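# Structural overview
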Amino acid sequence: GAGVSQTPSNKVTEKGKYVELRCDPISGHTALYWYRQSLGQGPEFLIYFQGTGAADDSGLPNDRFFAVRPEGSVSTLKIQRTERGDSAVYLCASRRLANTGELFFGEGSRLTVL
Amino acid sequence: KQEVTQIPAALSVPEGENLVLNCSFTDSAIYNLQWFRQDPGKGLTSLLLIQSSQREQTSGRLNASLDKSSGRSTLYIAASQPGDSATYLCAARGTGNQFYFGTGTSLTVIP
């Protein structure tokens, strides 16, 4: 597609529920990132995919968070047993795999856990 | 771990003024540094990408410089306009694949 697409744009859920956030990267971009941004803060790294595999998941805060990219394109971030502290904007970004690749972001998915 | 700092946290200037935003990073071993703009409630829009071998990049009224040895980058905005009001973020990409972000500078251009 023309840009990075994220759905849903807004998600309100109750504490303890399961949530999935979807990211469709720019066509041809092999590298895909998930970031989390809280109000007034810069984006915080969660996970990086190179193709289908998670090359770096060191930013995932705990085992309630998981992400997949089964066909090397669309990625889904999954959050189990959501907590109020998970409320944030979840940003997806993609780039070409070359070291010089510019990072492009989607509009984000705003998650609110009540 | 790479630490990125942006000063000032907020800046307010009258329309037409030239201004400089600062970004500093602790580890000089970077592949590149990228500047972004973020409007309220929106994602990040890429402004300029400077490779580690470059000293500066220009796009319209924007000019970004990079000094790896001192761990600094600046974003210069010429003839500021109210439409430039936004938060500006810099991100340093280390020799891994992570991009490390600062907390941003919130810019207000007063008409």
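In this text, all values refer to a predicted model and were calculated from it rather than measured experimentally.

Attention now goes to the overall build of chain A. In terms of helices and strands, chain A carries zero helices and eleven strands. Counting helices and strands in the order they occur from the N terminus, chain A gives β-β-β-β-β-β-β-β-β-β-β. In terms of overall dimensions, chain A is globule-like: its C-alpha atoms have a radius of gyration of 13 Å, near the 13 Å expected for 114 residues. Considering only C-alpha atoms, chain A reaches an extent of 40 × 25 × 25 Å along its principal axes. Burial status across chain A gives 46% buried among its 114 residues. A separation of at least 24 residues holds for 54% of the contacts in chain A among residues at least 6 apart in sequence. Distance from the positive charge centre (13 side chains) to the negative charge centre (12 side chains) of chain A: 4 Å.

Our focus in this paragraph is the side chain of Q37(A). Along the chain, Q37(A) falls in strand β4 (residues 31-37). Take Q37(A): its relative accessible area is 9%, and that puts it in the buried class. If near-sequence neighbours (up to four positions away) are discounted, Q37(A) is found in contact with G42(A), P43(A), A88(A), V89(A), L91(A), Q38(B) and L44(B).

To continue, consider the interface of chain B and chain A. Much of the literature gives interface size as the accessible area that the parts lose upon coming together. Facing the 20 residues of chain B at the interface are 24 residues of chain A. Summing both sides of the interface, chain B and chain A together bury roughly 1,700 Å²; the carbon and sulfur share of this comes to 49%. When the buried surface of chain B facing chain A is broken down by residue, N97(B), Q98(B) and F99(B) rank first, second and third, together holding 28% of it. At the boundary of chain B with chain A, the tally comes to zero salt bridges. For the pair chain B and chain A, the interface holds eight residue pairs in polar contact (both at pLDDT 80 or more). Within the residue set of the side of chain B that touches chain A, elements represented by two or more residues are β4 (30-38), β5 (44-51), β9 (86-94) and β10 (99-101) of chain B. In terms of residue class, the side of chain B that touches chain A is built from seven nonpolar, eleven polar and two charged.

What counts as what
- Residues numbered from 1 in each chain as written.
- Chains lettered and ligands numbered in written order.
- Predicted model: local features only at pLDDT ≥ 70, side-chain atom pairs only at ≥ 80, totals over all residues.
- Heavy atoms only, no water.
- Helix = DSSP H or I, 4+ residues; strand = E, 2+ residues; numbered from the N terminus.
- Rg over C-alpha atoms; globule rule 2.2 N^0.38 Å.
- Buried < 20%, exposed > 50% of the residue type's maximum accessible area, 1.4 Å probe, protein only.
- Contact = heavy atoms within 4.5 Å.
- Lys, Arg positive; Asp, Glu negative; His and termini not counted.
- Charge placed at Lys NZ, Arg CZ, Asp CG, Glu CD.
- Buried area = accessible area lost by both parts, 1.4 Å probe.
- Salt bridge = Lys/Arg side-chain N within 4 Å of Asp/Glu carboxyl O.
- Polar contact = N/O pair within 3.5 Å; in protein donor to acceptor, adjacent residues only side chain to side chain.
- Nonpolar A, V, L, I, M, F, W, Y, C, P; charged D, E, K, R; others polar.

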